[in-house]
2 protein chains.
Amino acid sequence: MQKKTRDSQATKAKIIHTSMMLFSTNGYDATTADEIAKACGINKAMIFYYYKNKVGLYGAVLSHALESIHEEVISKDKEYLHPLEDLETFIKTYALYCEKHPYLPALLLRELSNSGAYLPDVMFDSMRKLFALLSKILKEGERQKLFFNVEPMLIHFMIVGTINLFITTKPLREKSSKIENEIDTCCDCDMEYVADYIFTKVKLMLGVKPT
Amino acid sequence: MQKKTRDSQATKAKIIHTSMMLFSTNGYDATTADEIAKACGINKAMIFYYYKNKVGLYGAVLSHALESIHEEVISKDKEYLHPLEDLETFIKTYALYCEKHPYLPALLLRELSNSGAYLPDVMFDSMRKLFALLSKILKEGERQKLFFNVEPMLIHFMIVGTINLFITTKPLREKSSKIENEIDTCCDCDMEYVADYIFTKVKLMLGVKPT
DNA sequence: ACATTTATTAACTATATGGTTAATTATAAA
DNA sequence: TTTATAATTAACCATATAGTTAATAAATGT
(Lines give C-alpha, C1' and ligand atoms only; values in the text may rest on other atoms or scores of the structure.)
Protein backbone atom coordinates (compact mmCIF):
# COMPACT_ATOMS: atom_id res chain seq x y z
CA MET A 1 0.00 0.00 0.00
CA GLN A 2 1.52 3.31 -1.16
CA LYS A 3 2.09 5.68 1.70
CA LYS A 4 0.60 9.09 1.07
CA THR A 5 2.64 12.20 1.60
CA ARG A 6 1.38 15.41 3.04
CA ASP A 7 2.10 18.97 1.98
CA SER A 8 -0.17 21.43 3.70
CA GLN A 9 1.11 24.38 1.67
CA ALA A 10 0.44 22.58 -1.60
CA THR A 11 -3.00 21.46 -0.45
CA LYS A 12 -3.94 24.94 0.66
CA ALA A 13 -2.70 26.48 -2.59
CA LYS A 14 -4.60 23.92 -4.65
CA ILE A 15 -7.80 24.77 -2.78
CA ILE A 16 -7.31 28.47 -3.43
CA HIS A 17 -6.53 28.19 -7.13
CA THR A 18 -9.21 25.65 -7.87
CA SER A 19 -11.81 27.61 -5.92
CA MET A 20 -10.84 30.79 -7.75
CA MET A 21 -11.44 29.14 -11.06
CA LEU A 22 -14.75 27.62 -10.01
CA PHE A 23 -16.10 30.72 -8.26
CA SER A 24 -15.10 32.75 -11.31
CA THR A 25 -16.71 30.37 -13.78
CA ASN A 26 -19.83 29.34 -11.90
CA GLY A 27 -20.35 32.04 -9.31
CA TYR A 28 -20.37 31.65 -5.57
CA ASP A 29 -23.75 29.98 -5.12
CA ALA A 30 -23.40 27.46 -7.88
CA THR A 31 -19.97 26.35 -6.68
CA THR A 32 -20.22 23.64 -4.02
CA ALA A 33 -17.69 22.51 -1.48
CA ASP A 34 -18.03 18.97 -2.82
CA GLU A 35 -17.20 20.20 -6.31
CA ILE A 36 -14.12 22.08 -5.13
CA ALA A 37 -12.92 19.07 -3.18
CA LYS A 38 -13.40 16.77 -6.12
CA ALA A 39 -11.62 19.14 -8.50
CA CYS A 40 -8.71 19.36 -6.04
CA GLY A 41 -8.63 15.61 -5.50
CA ILE A 42 -8.95 16.04 -1.73
CA ASN A 43 -11.41 15.16 0.96
CA LYS A 44 -14.07 17.84 1.45
CA ALA A 45 -13.33 18.11 5.16
CA MET A 46 -9.93 19.59 4.23
CA ILE A 47 -11.62 22.68 2.99
CA PHE A 48 -13.18 23.20 6.40
CA TYR A 49 -9.93 22.30 8.10
CA TYR A 50 -8.20 25.24 6.38
CA TYR A 51 -11.13 27.67 6.09
CA LYS A 52 -13.87 28.34 8.58
CA ASN A 53 -16.66 28.13 6.02
CA LYS A 54 -17.48 28.64 2.35
CA VAL A 55 -17.75 32.38 2.58
CA GLY A 56 -14.41 32.45 4.39
CA LEU A 57 -12.86 30.54 1.51
CA TYR A 58 -14.42 33.01 -0.93
CA GLY A 59 -12.85 35.87 1.00
CA ALA A 60 -9.47 34.16 0.83
CA VAL A 61 -9.88 33.67 -2.91
CA LEU A 62 -10.66 37.33 -3.44
CA SER A 63 -7.76 38.41 -1.28
CA HIS A 64 -5.50 36.23 -3.35
CA ALA A 65 -6.88 37.64 -6.62
CA LEU A 66 -6.29 41.15 -5.36
CA GLU A 67 -3.09 40.63 -3.45
CA SER A 68 -0.79 42.32 -5.87
CA ILE A 69 -3.13 45.03 -7.01
CA HIS A 70 -1.74 47.41 -4.43
CA GLU A 71 1.82 47.08 -5.62
CA GLU A 72 1.06 46.84 -9.32
CA VAL A 73 -1.77 49.29 -9.78
CA ILE A 74 -2.15 51.27 -6.60
CA SER A 75 1.26 52.54 -5.63
CA LYS A 76 1.19 53.70 -2.09
CA ASP A 77 2.41 57.22 -1.28
CA LYS A 78 3.02 57.99 -4.91
CA GLU A 79 2.47 61.52 -6.18
CA TYR A 80 0.28 61.86 -9.23
CA LEU A 81 1.57 64.97 -10.91
CA HIS A 82 1.55 63.83 -14.49
CA PRO A 83 -2.10 62.95 -15.14
CA LEU A 84 -1.71 61.91 -18.75
CA GLU A 85 1.09 59.44 -18.07
CA ASP A 86 -0.60 58.34 -14.88
CA LEU A 87 -3.87 57.72 -16.70
CA GLU A 88 -2.10 55.63 -19.33
CA THR A 89 -0.30 53.70 -16.61
CA PHE A 90 -3.55 53.10 -14.76
CA ILE A 91 -5.37 51.76 -17.80
CA LYS A 92 -2.55 49.59 -19.08
CA THR A 93 -1.53 48.27 -15.69
CA TYR A 94 -5.10 47.37 -14.80
CA ALA A 95 -5.57 45.67 -18.18
CA LEU A 96 -2.32 43.73 -17.73
CA TYR A 97 -3.27 42.79 -14.19
CA CYS A 98 -6.56 41.35 -15.43
CA GLU A 99 -4.76 39.44 -18.12
CA LYS A 100 -2.44 37.94 -15.52
CA HIS A 101 -5.31 37.21 -13.14
CA PRO A 102 -7.99 36.15 -15.62
CA TYR A 103 -10.46 35.11 -12.96
CA LEU A 104 -10.64 38.54 -11.39
CA PRO A 105 -12.93 40.31 -13.88
CA ALA A 106 -15.74 37.79 -13.50
CA LEU A 107 -15.43 37.80 -9.73
CA LEU A 108 -15.48 41.60 -9.71
CA LEU A 109 -18.38 41.97 -12.12
CA ARG A 110 -20.47 39.49 -10.19
CA GLU A 111 -20.06 41.49 -7.03
CA LEU A 112 -20.83 44.69 -8.92
CA SER A 113 -24.02 43.20 -10.35
CA ASN A 114 -24.91 41.73 -6.97
CA SER A 115 -24.69 44.89 -4.85
CA GLY A 116 -21.89 43.11 -3.07
CA ALA A 117 -23.91 40.33 -1.49
CA TYR A 118 -20.86 38.30 -0.49
CA LEU A 119 -18.36 41.10 -0.80
CA PRO A 120 -15.72 40.82 1.90
CA ASP A 121 -14.30 44.03 3.30
CA VAL A 122 -10.92 43.38 1.76
CA MET A 123 -12.38 43.48 -1.71
CA PHE A 124 -14.61 46.44 -1.07
CA ASP A 125 -11.54 48.23 0.24
CA SER A 126 -9.50 47.40 -2.86
CA MET A 127 -12.30 48.52 -5.15
CA ARG A 128 -12.58 51.77 -3.29
CA LYS A 129 -8.84 52.31 -3.45
CA LEU A 130 -8.75 51.56 -7.13
CA PHE A 131 -11.44 54.10 -7.76
CA ALA A 132 -9.79 56.63 -5.43
CA LEU A 133 -6.59 56.32 -7.45
CA LEU A 134 -8.30 57.00 -10.76
CA SER A 135 -10.29 59.81 -9.17
CA LYS A 136 -7.06 61.43 -7.96
CA ILE A 137 -5.49 61.21 -11.39
CA LEU A 138 -8.55 62.73 -13.04
CA LYS A 139 -8.88 65.53 -10.53
CA GLU A 140 -5.20 66.41 -10.91
CA GLY A 141 -5.68 66.47 -14.68
CA GLU A 142 -8.59 68.82 -14.21
CA ARG A 143 -6.61 71.02 -11.85
CA GLN A 144 -3.83 71.31 -14.42
CA LYS A 145 -6.36 72.16 -17.13
CA LEU A 146 -5.46 69.02 -19.09
CA PHE A 147 -8.80 67.28 -18.51
CA PHE A 148 -12.26 68.78 -18.72
CA ASN A 149 -15.72 67.98 -17.38
CA VAL A 150 -14.56 65.04 -15.26
CA GLU A 151 -17.01 62.68 -13.60
CA PRO A 152 -14.69 60.11 -11.99
CA MET A 153 -17.23 57.40 -11.20
CA LEU A 154 -18.58 57.30 -14.76
CA ILE A 155 -15.09 57.42 -16.30
CA HIS A 156 -14.16 54.57 -13.97
CA PHE A 157 -17.04 52.45 -15.25
CA MET A 158 -16.04 53.23 -18.82
CA ILE A 159 -12.47 52.10 -18.26
CA VAL A 160 -12.60 49.34 -15.68
CA GLY A 161 -16.06 48.12 -16.66
CA THR A 162 -15.08 47.87 -20.31
CA ILE A 163 -11.89 45.92 -19.57
CA ASN A 164 -13.79 43.53 -17.31
CA LEU A 165 -16.62 43.07 -19.80
CA PHE A 166 -14.20 42.51 -22.65
CA ILE A 167 -12.73 39.59 -20.75
CA THR A 168 -15.89 38.05 -19.32
CA THR A 169 -17.86 38.21 -22.57
CA LYS A 170 -15.27 36.46 -24.70
CA PRO A 171 -17.23 33.18 -25.04
CA LEU A 172 -20.46 35.05 -25.80
CA ARG A 173 -18.77 37.25 -28.38
CA GLU A 174 -17.28 34.22 -30.08
CA LYS A 175 -20.66 32.49 -30.04
CA SER A 176 -22.26 35.56 -31.57
CA SER A 177 -19.63 35.83 -34.25
CA LYS A 178 -20.24 32.23 -35.30
CA ILE A 179 -23.92 32.97 -35.89
CA GLU A 180 -23.24 35.95 -38.11
CA ASN A 181 -19.83 37.24 -38.92
CA GLU A 182 -21.13 40.48 -40.35
CA ILE A 183 -20.99 41.95 -36.89
CA ASP A 184 -17.55 42.59 -35.45
CA THR A 185 -17.51 41.53 -31.80
CA CYS A 186 -13.77 42.08 -31.29
CA CYS A 187 -12.98 38.39 -31.20
CA ASP A 188 -9.48 38.98 -32.51
CA CYS A 189 -8.69 41.95 -30.30
CA ASP A 190 -5.96 41.42 -27.75
CA MET A 191 -5.78 43.07 -24.37
CA GLU A 192 -3.01 45.43 -25.42
CA TYR A 193 -5.03 46.72 -28.35
CA VAL A 194 -8.06 47.18 -26.13
CA ALA A 195 -6.08 49.07 -23.48
CA ASP A 196 -4.57 51.34 -26.15
CA TYR A 197 -7.98 51.94 -27.67
CA ILE A 198 -9.51 52.81 -24.32
CA PHE A 199 -6.66 55.18 -23.49
CA THR A 200 -7.00 56.91 -26.84
CA LYS A 201 -10.75 57.31 -26.46
CA VAL A 202 -10.57 58.43 -22.85
CA LYS A 203 -8.07 61.12 -23.83
CA LEU A 204 -10.54 62.37 -26.41
CA MET A 205 -13.43 62.41 -24.02
CA LEU A 206 -11.40 64.25 -21.42
CA GLY A 207 -10.68 66.92 -24.00
CA VAL A 208 -6.93 66.36 -24.07
CA LYS A 209 -5.28 68.67 -26.60
CA PRO A 210 -3.17 66.94 -29.23
CA THR A 211 0.54 67.51 -28.61
CA MET B 1 -64.74 29.41 6.01
CA GLN B 2 -63.93 32.11 3.43
CA LYS B 3 -64.06 30.79 -0.10
CA LYS B 4 -60.89 31.51 -2.02
CA THR B 5 -61.06 33.00 -5.48
CA ARG B 6 -58.79 32.07 -8.33
CA ASP B 7 -57.24 34.33 -10.91
CA SER B 8 -54.72 32.46 -13.00
CA GLN B 9 -53.58 35.61 -14.81
CA ALA B 10 -52.95 37.42 -11.55
CA THR B 11 -51.16 34.42 -10.07
CA LYS B 12 -48.95 34.05 -13.12
CA ALA B 13 -48.14 37.76 -13.19
CA LYS B 14 -47.29 37.75 -9.50
CA ILE B 15 -44.89 34.85 -10.04
CA ILE B 16 -43.16 36.68 -12.89
CA HIS B 17 -42.77 40.01 -11.11
CA THR B 18 -41.69 38.54 -7.82
CA SER B 19 -39.23 36.20 -9.52
CA MET B 20 -37.79 39.08 -11.51
CA MET B 21 -37.11 40.99 -8.37
CA LEU B 22 -35.57 38.02 -6.57
CA PHE B 23 -33.47 36.81 -9.50
CA SER B 24 -32.23 40.36 -9.98
CA THR B 25 -31.39 40.88 -6.34
CA ASN B 26 -30.03 37.47 -5.39
CA GLY B 27 -29.06 35.88 -8.69
CA TYR B 28 -30.42 32.71 -10.19
CA ASP B 29 -28.73 30.16 -7.95
CA ALA B 30 -29.43 31.86 -4.65
CA THR B 31 -33.11 32.31 -5.46
CA THR B 32 -35.14 29.27 -4.46
CA ALA B 33 -38.55 28.14 -5.60
CA ASP B 34 -39.67 28.08 -1.97
CA GLU B 35 -38.58 31.68 -1.55
CA ILE B 36 -40.44 32.80 -4.67
CA ALA B 37 -43.58 30.98 -3.55
CA LYS B 38 -43.44 32.49 -0.11
CA ALA B 39 -42.89 35.99 -1.46
CA CYS B 40 -45.88 35.51 -3.79
CA GLY B 41 -48.06 34.08 -1.04
CA ILE B 42 -48.76 30.96 -3.10
CA ASN B 43 -48.11 27.26 -2.86
CA LYS B 44 -44.79 26.27 -4.41
CA ALA B 45 -46.41 23.71 -6.68
CA MET B 46 -48.08 26.59 -8.52
CA ILE B 47 -44.72 27.62 -9.90
CA PHE B 48 -44.29 24.21 -11.47
CA TYR B 49 -47.88 24.21 -12.61
CA TYR B 50 -47.23 27.32 -14.72
CA TYR B 51 -43.57 26.77 -15.61
CA LYS B 52 -41.81 23.55 -16.49
CA ASN B 53 -38.88 24.17 -14.15
CA LYS B 54 -36.81 26.89 -12.51
CA VAL B 55 -34.74 27.63 -15.57
CA GLY B 56 -37.95 27.89 -17.60
CA LEU B 57 -39.25 30.46 -15.15
CA TYR B 58 -35.96 32.35 -15.47
CA GLY B 59 -36.36 32.41 -19.22
CA ALA B 60 -39.88 33.76 -18.86
CA VAL B 61 -38.61 36.45 -16.51
CA LEU B 62 -35.94 37.55 -18.97
CA SER B 63 -38.40 37.56 -21.85
CA HIS B 64 -40.65 39.76 -19.80
CA ALA B 65 -37.81 42.13 -18.91
CA LEU B 66 -36.88 42.42 -22.56
CA GLU B 67 -40.31 42.37 -24.11
CA SER B 68 -40.50 46.00 -25.04
CA ILE B 69 -36.88 46.52 -25.91
CA HIS B 70 -37.59 45.87 -29.55
CA GLU B 71 -40.22 48.55 -29.84
CA GLU B 72 -38.57 51.08 -27.56
CA VAL B 73 -34.91 50.72 -28.41
CA ILE B 74 -34.61 48.55 -31.46
CA SER B 75 -37.01 49.89 -34.04
CA LYS B 76 -37.46 47.35 -36.75
CA ASP B 77 -36.90 48.32 -40.35
CA LYS B 78 -35.83 51.80 -39.40
CA GLU B 79 -33.17 53.56 -41.46
CA TYR B 80 -30.27 54.98 -39.54
CA LEU B 81 -29.18 57.90 -41.67
CA HIS B 82 -28.60 60.46 -38.95
CA PRO B 83 -25.95 58.87 -36.76
CA LEU B 84 -25.63 61.67 -34.26
CA GLU B 85 -29.34 61.83 -33.48
CA ASP B 86 -29.57 58.06 -33.64
CA LEU B 87 -26.71 57.69 -31.19
CA GLU B 88 -28.34 60.11 -28.77
CA THR B 89 -31.64 58.28 -29.11
CA PHE B 90 -29.95 54.94 -28.51
CA ILE B 91 -28.21 56.07 -25.34
CA LYS B 92 -31.15 57.90 -23.86
CA THR B 93 -33.72 55.32 -24.79
CA TYR B 94 -31.63 52.52 -23.34
CA ALA B 95 -31.06 54.51 -20.16
CA LEU B 96 -34.76 55.25 -19.85
CA TYR B 97 -35.62 51.63 -20.51
CA CYS B 98 -33.35 50.53 -17.70
CA GLU B 99 -34.89 53.08 -15.40
CA LYS B 100 -38.36 51.73 -16.20
CA HIS B 101 -37.19 48.12 -15.88
CA PRO B 102 -34.82 48.45 -12.93
CA TYR B 103 -34.21 44.73 -12.60
CA LEU B 104 -32.81 44.35 -16.09
CA PRO B 105 -29.28 45.73 -15.57
CA ALA B 106 -28.44 43.25 -12.80
CA LEU B 107 -29.91 40.35 -14.76
CA LEU B 108 -27.93 41.41 -17.82
CA LEU B 109 -24.66 41.99 -16.01
CA ARG B 110 -24.88 38.66 -14.27
CA GLU B 111 -25.19 36.87 -17.58
CA LEU B 112 -22.33 38.91 -19.00
CA SER B 113 -20.10 38.01 -16.07
CA ASN B 114 -21.26 34.40 -16.25
CA SER B 115 -20.47 33.72 -19.91
CA GLY B 116 -24.20 33.18 -20.26
CA ALA B 117 -24.52 30.08 -18.12
CA TYR B 118 -28.29 30.26 -17.91
CA LEU B 119 -28.73 32.57 -20.86
CA PRO B 120 -31.85 31.67 -22.81
CA ASP B 121 -31.79 32.19 -26.55
CA VAL B 122 -34.34 34.97 -26.37
CA MET B 123 -32.01 37.07 -24.27
CA PHE B 124 -28.92 36.26 -26.28
CA ASP B 125 -30.88 37.30 -29.35
CA SER B 126 -31.93 40.60 -27.82
CA MET B 127 -28.40 41.36 -26.70
CA ARG B 128 -27.10 40.63 -30.17
CA LYS B 129 -29.75 42.83 -31.73
CA LEU B 130 -29.04 45.66 -29.34
CA PHE B 131 -25.38 45.53 -30.22
CA ALA B 132 -26.16 45.22 -33.94
CA LEU B 133 -28.20 48.39 -33.75
CA LEU B 134 -25.43 50.40 -32.11
CA SER B 135 -22.94 48.93 -34.54
CA LYS B 136 -25.05 50.05 -37.46
CA ILE B 137 -25.32 53.59 -36.10
CA LEU B 138 -21.57 53.79 -35.54
CA LYS B 139 -20.70 52.41 -38.96
CA GLU B 140 -23.04 54.86 -40.65
CA GLY B 141 -21.45 57.69 -38.69
CA GLU B 142 -18.06 56.49 -39.89
CA ARG B 143 -19.27 56.25 -43.46
CA GLN B 144 -20.53 59.82 -43.31
CA LYS B 145 -17.20 60.94 -41.84
CA LEU B 146 -18.91 62.08 -38.64
CA PHE B 147 -17.30 59.40 -36.44
CA PHE B 148 -13.72 58.22 -36.43
CA ASN B 149 -11.80 55.15 -35.32
CA VAL B 150 -14.89 53.19 -34.40
CA GLU B 151 -14.67 49.91 -32.52
CA PRO B 152 -18.36 49.05 -31.97
CA MET B 153 -17.97 46.34 -29.34
CA LEU B 154 -15.81 48.48 -27.09
CA ILE B 155 -18.03 51.53 -27.53
CA HIS B 156 -20.99 49.32 -26.69
CA PHE B 157 -19.36 48.26 -23.42
CA MET B 158 -18.60 51.87 -22.60
CA ILE B 159 -22.21 52.92 -23.11
CA VAL B 160 -24.35 49.98 -22.11
CA GLY B 161 -21.92 48.65 -19.52
CA THR B 162 -21.65 52.01 -17.84
CA ILE B 163 -25.42 52.48 -17.64
CA ASN B 164 -25.85 48.98 -16.22
CA LEU B 165 -23.04 49.42 -13.71
CA PHE B 166 -24.34 52.81 -12.64
CA ILE B 167 -27.61 51.18 -11.68
CA THR B 168 -26.34 47.97 -10.11
CA THR B 169 -23.64 49.63 -8.01
CA LYS B 170 -25.92 52.17 -6.39
CA PRO B 171 -25.92 50.52 -2.93
CA LEU B 172 -22.14 50.01 -3.03
CA ARG B 173 -21.54 53.60 -4.08
CA GLU B 174 -23.73 54.85 -1.27
CA LYS B 175 -21.94 52.59 1.20
CA SER B 176 -18.59 53.90 -0.02
CA SER B 177 -19.69 57.49 0.24
CA LYS B 178 -20.72 56.99 3.87
CA ILE B 179 -17.22 55.80 4.73
CA GLU B 180 -15.53 58.79 3.19
CA ASN B 181 -17.33 61.58 1.46
CA GLU B 182 -14.17 63.01 -0.05
CA ILE B 183 -14.65 60.72 -2.99
CA ASP B 184 -17.52 61.49 -5.31
CA THR B 185 -19.29 58.24 -6.27
CA CYS B 186 -22.11 59.91 -8.17
CA CYS B 187 -24.69 59.15 -5.48
CA ASP B 188 -26.74 62.17 -6.42
CA CYS B 189 -26.58 61.67 -10.18
CA ASP B 190 -29.84 60.84 -11.87
CA MET B 191 -30.22 58.69 -14.94
CA GLU B 192 -30.89 61.62 -17.23
CA TYR B 193 -27.68 63.35 -16.18
CA VAL B 194 -25.73 60.11 -16.67
CA ALA B 195 -27.19 59.54 -20.13
CA ASP B 196 -26.39 63.12 -21.14
CA TYR B 197 -22.86 62.80 -19.80
CA ILE B 198 -22.27 59.55 -21.65
CA PHE B 199 -23.60 61.02 -24.89
CA THR B 200 -21.38 64.06 -24.52
CA LYS B 201 -18.30 61.96 -23.83
CA VAL B 202 -19.02 59.45 -26.57
CA LYS B 203 -19.31 62.29 -29.07
CA LEU B 204 -15.89 63.49 -28.03
CA MET B 205 -14.34 60.07 -28.30
CA LEU B 206 -15.84 59.56 -31.73
CA GLY B 207 -14.24 62.79 -32.85
CA VAL B 208 -17.48 64.60 -33.56
CA LYS B 209 -16.80 68.15 -34.69
CA PRO B 210 -18.56 70.86 -32.68
CA THR B 211 -21.40 72.45 -34.63
C1' DA C 1 -77.82 20.49 -11.61
C1' DC C 2 -74.23 17.69 -12.90
C1' DA C 3 -69.87 16.87 -15.36
C1' DT C 4 -65.57 18.52 -16.71
C1' DT C 5 -61.65 21.37 -16.49
C1' DT C 6 -58.40 24.06 -14.25
C1' DA C 7 -56.13 26.18 -10.33
C1' DT C 8 -54.67 25.28 -5.86
C1' DT C 9 -53.18 22.59 -1.81
C1' DA C 10 -50.53 19.69 1.54
C1' DA C 11 -47.58 16.29 1.69
C1' DC C 12 -44.04 13.81 -0.15
C1' DT C 13 -39.42 12.52 -2.55
C1' DA C 14 -34.68 11.84 -3.96
C1' DT C 15 -30.88 14.27 -3.87
C1' DA C 16 -27.81 17.90 -2.66
C1' DT C 17 -25.51 21.11 0.54
C1' DG C 18 -22.47 23.18 4.08
C1' DG C 19 -20.55 21.57 7.62
C1' DT C 20 -19.11 18.15 11.69
C1' DT C 21 -16.92 14.28 14.06
C1' DA C 22 -13.93 10.86 15.45
C1' DA C 23 -10.56 7.91 13.81
C1' DT C 24 -6.37 7.39 11.29
C1' DT C 25 -1.89 8.43 9.69
C1' DA C 26 2.18 11.17 8.25
C1' DT C 27 5.45 14.18 10.21
C1' DA C 28 7.89 16.65 13.70
C1' DA C 29 9.53 17.02 18.33
C1' DA C 30 11.33 15.17 22.53
C1' DT D 1 11.95 5.08 20.03
C1' DT D 2 8.02 7.27 21.84
C1' DT D 3 5.02 11.10 22.13
C1' DA D 4 2.75 14.93 20.28
C1' DT D 5 1.03 17.48 16.54
C1' DA D 6 -1.02 18.35 12.34
C1' DA D 7 -3.05 16.75 8.02
C1' DT D 8 -6.15 13.63 6.14
C1' DT D 9 -10.05 10.35 5.88
C1' DA D 10 -14.73 8.17 5.76
C1' DA D 11 -18.85 8.60 7.56
C1' DC D 12 -22.27 11.24 9.38
C1' DC D 13 -25.87 15.07 10.05
C1' DA D 14 -29.56 18.54 9.82
C1' DT D 15 -31.35 21.12 6.58
C1' DA D 16 -32.36 22.70 2.04
C1' DT D 17 -33.64 22.17 -2.85
C1' DA D 18 -36.17 21.36 -7.25
C1' DG D 19 -39.63 19.00 -8.31
C1' DT D 20 -43.77 15.45 -7.90
C1' DT D 21 -48.25 13.50 -6.62
C1' DA D 22 -52.83 12.92 -5.49
C1' DA D 23 -56.51 15.19 -3.48
C1' DT D 24 -59.36 19.20 -3.26
C1' DA D 25 -62.02 23.01 -4.68
C1' DA D 26 -63.20 26.92 -7.73
C1' DA D 27 -64.72 27.94 -12.26
C1' DT D 28 -66.56 26.73 -16.64
C1' DG D 29 -69.23 23.97 -19.81
C1' DT D 30 -73.23 21.14 -20.97
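Data block above holds the structure.
Now for a quick tour of the structure. None of these values were measured; they are calculated from a predicted model. (Residues numbered from 1 in each chain as written. Chains lettered and ligands numbered in written order. Predicted model: local features only at pLDDT ≥ 70, side-chain atom pairs only at ≥ 80, totals over all residues. Heavy atoms only, no water.)

A short note on the overall build of chain A
Heads up, the condition is: Strands here mean DSSP runs of E at least two residues long; helices mean DSSP runs of H or I at least four residues long; both are numbered from the N terminus. The classification of residues rests on relative accessible area computed with a 1.4 Å probe and restricted to protein chains. Under 20% of the type maximum is buried, over 50% is exposed, and intermediate values are partly exposed. Here, two residues are considered to be in contact whenever any of their heavy atoms come within 4.5 Å of each other. Here the Shrake-Rupley method, with its probe set to 1.4 Å, supplies the accessible areas, and only the displayed protein chains count as covering residues.
Tallying secondary structure elements over chain A gives 11 helices and 0 strands in all. Mapped from its N terminus to its C terminus, chain A presents α and β elements in the order α-α-α-α-α-α-α-α-α-α-α. A principal-axis box enclosing the C-alpha atoms of chain A has dimensions of 75 × 50 × 30 Å. Out of the 211 residues in chain A, the part that is buried amounts to 50%. Contacts in chain A between residues at least 24 apart in sequence constitute 71% of all its contacts with a sequence separation of at least 6. Working note: accessible area of chain A is about 10600 Å², and carbon and sulfur atoms make up 52% of it.

A word on the protein's contact with DNA strand D
Here is the rule we go by: Residues are classed as near a molecule or strand on a simple rule: at least one heavy atom within 4 Å of it. We call two N or O atoms a polar contact when they sit within 3.5 Å, provided that within protein one can donate a hydrogen and the other can accept it, with sequence-adjacent residues counted only if both atoms are side-chain atoms.
The immediate surroundings of DNA strand D are formed by 21 residues, with A:R6, A:Y49, B:K4, B:R6 and B:K54 found nearest. The contact atoms of DNA strand D, taken as those within 4 Å of the protein, divide so that sugar and phosphate hold 56%. Between DNA strand D and the protein, one listed contact pairs a phosphate oxygen with a side-chain N or O atom of A:Y49 at 2.7 Å. At 2.9 Å, a backbone N or O of B:A33 approaches a phosphate oxygen of DNA strand D. Only α1 (8–26) and α3 (44–50) of chain A together with α3 (44–50) of chain B provide two or more residues apiece to the surface near DNA strand D. In terms of residue count, α3(A) provides more of the surface near DNA strand D than any other element does, 4 residues in total.

Remarks on helix α11 (residues 191–205) of chain B
Rule in force here: Under the convention used throughout, the expected extent of a helix is 1.5 Å for every residue step, that is, one less than its residue count.
Its 15 residues give α11(B) an end-to-end C-alpha distance of 21 Å, which sits within 8% of 21 Å, the value for a rise of 1.5 Å per residue. Listed as buried for α11(B) are B:M191, B:V194, B:A195, B:Y197, B:I198, B:F199, B:K201, B:V202 and B:M205. Contact partners of the buried residues in α11(B): α9 (152–168) and α11 (191–205) of chain A together with α6 (83–100) and α9 (152–168) of chain B. Taken from the residues just after α11(B), B:G207 is the one with a positive phi, measuring 75 degrees.

A word on the protein's contact with DNA strand C
Basically, it comes down to this: Following the grouping adopted for this structure description, the nonpolar residues are Ala, Val, Leu, Ile, Met, Phe, Trp, Tyr, Cys and Pro, the charged ones are Asp, Glu, Lys and Arg, and the polar ones are all others, Gly among them.
The environment of DNA strand C is formed by 21 residues, the closest being A:K4, A:R6, A:K54, B:Y49 and B:Y50. Contact between DNA strand C and B:T11: a phosphate oxygen at 3.0 Å from a side-chain N or O atom of the residue. Contact distances for DNA strand C include 2.8 Å between a phosphate oxygen and a side-chain N or O atom of B:Y50. Those elements that provide at least two residues to the surface near DNA strand C are α3 of chain A together with α1 (8–26) and α3 of chain B. Element by element, the count of residues in the surface near DNA strand C is highest for α3(B), at 4 residues. Here the residues of the surface near DNA strand C are counted per class, giving 7 nonpolar, 7 polar and 7 charged.

Details of the layout of surface pockets
One water molecule sets the probe size; rolling that probe over the atoms shows where empty space is left. Residue and element names in this part refer to chain B. Spelled out, the test is: In this analysis a 1.4 Å probe is tested at points of a 1 Å grid over the protein atoms alone, and where it fits but cannot get out there is a cavity; an open set with protein on both sides within 12 Å along at least five of seven lines is a pocket; lining residues have an atom within 4 Å of a point. Grid points are joined across faces, edges and corners, and a volume is the space filled by probe spheres set on the points.
Taken as a whole, the largest pocket holds about 480 Å³ of empty space. Lining the largest pocket are 22 residues; nearest its centre among them are P102, I167, T168, K170 and P171. Of all the secondary structure elements, the ones that give two or more residues to the lining of the largest pocket are α1, α6, α7 (104–113), α9 and α10 (170–179). Roughly 340 Å³ of internal volume is contained in the second largest pocket. Lining the second largest pocket are 13 residues, with T5, R6, D7, T11 and M46 sitting closest to its centre. Where the lining of the second largest pocket is concerned, the elements lending two or more residues are α1 and α3. Looking at the lining of the second largest pocket element by element, the count peaks at 4 residues for α1.

Some remarks on the nonpolar core
For clarity, the threshold we go by: Here, nonpolar core means buried Ala, Val, Leu, Ile, Met, Phe, Trp, Tyr and Cys residues that are tied together by side-chain atoms lying within 4.5 Å of each other.
With 140 residues, the main nonpolar core has A:L87, A:F90, A:I159, B:L87, B:F90 and B:I159 as its most contacted residues. In this structure, A:L87 is in contact with A:L134, A:I137, A:L138, A:F147, A:I159, A:F199, A:V202 and A:L206, ignoring residues within four places of it in sequence.

Description of the packing of aromatic side chains
This is how the line gets drawn: Stacked, tilted and edge-to-face are the three classes assigned to paired rings of Phe, Tyr and Trp, where Trp is represented by its six-membered ring and a pair needs centres within 6.5 Å; plane angles under 30 degrees give stacked, over 60 edge-to-face, the rest tilted.
Taken as a whole, this structure holds 10 aromatic pairs over all chains when the rule is applied. With a centroid separation of 5.0 Å and 85 degrees between ring planes, the pair formed by A:F23 and A:Y58 is classed as edge-to-face. Taken together, the residues span a long stretch of sequence, with A:F23 in helix α1 and A:Y58 in helix α4 (residues 54–66) at a distance of 35 residues. You'll find A:F23 and A:Y58 in the same group, each marked buried. A ring pair is formed by B:Y28 and B:Y58, whose centres lie 5.0 Å apart and whose planes are at 70 degrees; its orientation type is edge-to-face. Residue B:Y28 is located in the loop between α1 and α2 (33–40), and its partner B:Y58 is located in helix α4 (residues 54–66); the two are separated by 30 residues in the primary sequence.

Remarks on the side chain of B:S113
Within the secondary structure layout, B:S113 lies in helix α7. Setting aside its immediate chain neighbours within four residues, B:S113 contacts A:S24, A:A106, A:L109, A:R110 and A:T168.

Structural notes on the interface of chain A and chain B
Convention followed: The term buried area means the drop in 1.4 Å probe accessible area that two parts suffer when joined, counted for both and summed. By salt bridge we mean one thing: a side-chain nitrogen of Lys or Arg within 4 Å of a carboxyl oxygen of Asp or Glu.
Across the boundary between the two partners, chain A contributes 55 residues, which contact 55 residues of chain B. For the pair chain A and chain B, the summed buried area comes to about 4900 Å², and 66% of that belongs to carbon and sulfur atoms. Summed over the shared surface of chain A and chain B, the number is 0 salt bridges. Secondary structure elements with two or more residues in the side of chain A that touches chain B: α1, α7 (104–113), α8 (121–143), α9, α10 (170–179) and α11 of chain A. Considering only residue class, the side of chain A that touches chain B consists of 31 nonpolar, 14 polar and 10 charged.

Focus: the pattern of salt bridges
All names here are of chain A. The full count for this structure, using the stated rule, is 12 salt bridges over all chains. Residues D34 and K44 are paired through a salt bridge, measuring 3.4 Å at the closest nitrogen-oxygen approach. With D34 in helix α2 (residues 33–40) and K44 in helix α3, this pair connects stretches of sequence that are 10 residues apart. Across the pair D196 and K92 runs a salt bridge, and its minimum N-O distance is 2.6 Å. Here D196, found in helix α11, pairs with K92, found in helix α6 (residues 83–100); they are 104 residues apart in sequence, far enough to count as distant. For K92, a relative accessible area of 30% gives the class partly exposed. Here the salt bridges do not stand alone but share partners, grouping E88, K92 and D196 into one network.

Any link to function would need more than the numbers given here.
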